[in-house]
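Results of the structural survey
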Amino acid sequence: MSTLADRIQEALDDTGAIAADLARACGVKPPSVSAWLSGDTKSLKSSTAIRAAEFLKVNQLWLTEGRGPKRPEGGAAALPEPESAEPTVADLLERLRAEISTQPEAVKRAIAELVTEYVTTPDASAGKAVADAILRILGPRT
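Residues numbered from 1 in each chain as written. Predicted model: local features only at pLDDT ≥ 70, side-chain atom pairs only at ≥ 80, totals over all residues. Heavy atoms only, no water.

1. Quick word on the side chain of T48
Among the structural elements, T48 can be located in helix α4 (residues 46-56). Taking relative accessible area as the criterion, T48 reaches 7% and is therefore assigned buried. Each residue touching T48, except ones within four places of it in the same chain, is listed here: C26 and W36. (Helix = DSSP H or I, 4+ residues; strand = E, 2+ residues; numbered from the N terminus. Buried < 20%, exposed > 50% of the residue type's maximum accessible area, 1.4 Å probe, protein only. Contact = heavy atoms within 4.5 Å.)

Set out below in structure tokens:
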């Protein structure tokens, strides 16, 4: 049987969401979601489980206990609703900060998104500012 961490990761993968998105949807801090994904947390509060299942488009019982069908009736996973406005550099950097401590693949996607959206801009100073911010977040080379 899969663990809570496995089911959360599977649902995130299905939707294309990342840990920071789930944290925001559940009203918790990213380190909490990191603990869920690492297996340090074995169960969720019912209010959090409800929000997580709703965001991930899965049945709450499947998410929390691994029982029953994964999806509600009719249920292919739907991607989370896109935010109404394009994310700003600050939004993307915040997302990157949150992901650094959780999932390496998600970090790669967030960096790729930053690079694609902003570094290739014709305004070289904006691109350099984003690149410098990424380097500050990632810290010195080891």
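Now, onward.
2. A few points about the packing of helix α2 (residues 19-26) against helix α3 (residues 30-38)
The interhelical angle for the contact between α2 and α3, taken along N-to-C directions, is 115°, at an axis separation of 8 Å. Considering the relative orientation of α2 and α3, their crossing is right-handed. For the pair formed by α2 and α3, the contact residues are A19, L22, A23 and C26 on the first element and P30, V33, W36 and L37 on the second. Of the residues that constitute the contact of α2 with α3, the class distribution is eight nonpolar, no polar and no charged. (Axes fitted to C-alpha atoms, helices over the stretch in contact; angles between N-to-C directions. Left-handed = near helix turned anticlockwise from the far one by under 90°. Nonpolar A, V, L, I, M, F, W, Y, C, P; charged D, E, K, R; others polar.)

3. Describing the pattern of salt bridges
As enumerated under the stated definition, the model contains five salt bridges in all. Ionic pairing is found between R67 and E65, a salt bridge with its closest N-O pair at 2.6 Å. Judged by its relative accessible area of 38%, E65 is partly exposed. Residues joined by salt bridges that share partners form a network here, namely E10, D14, K70 and R71. (Salt bridge = Lys/Arg side-chain N within 4 Å of Asp/Glu carboxyl O.)

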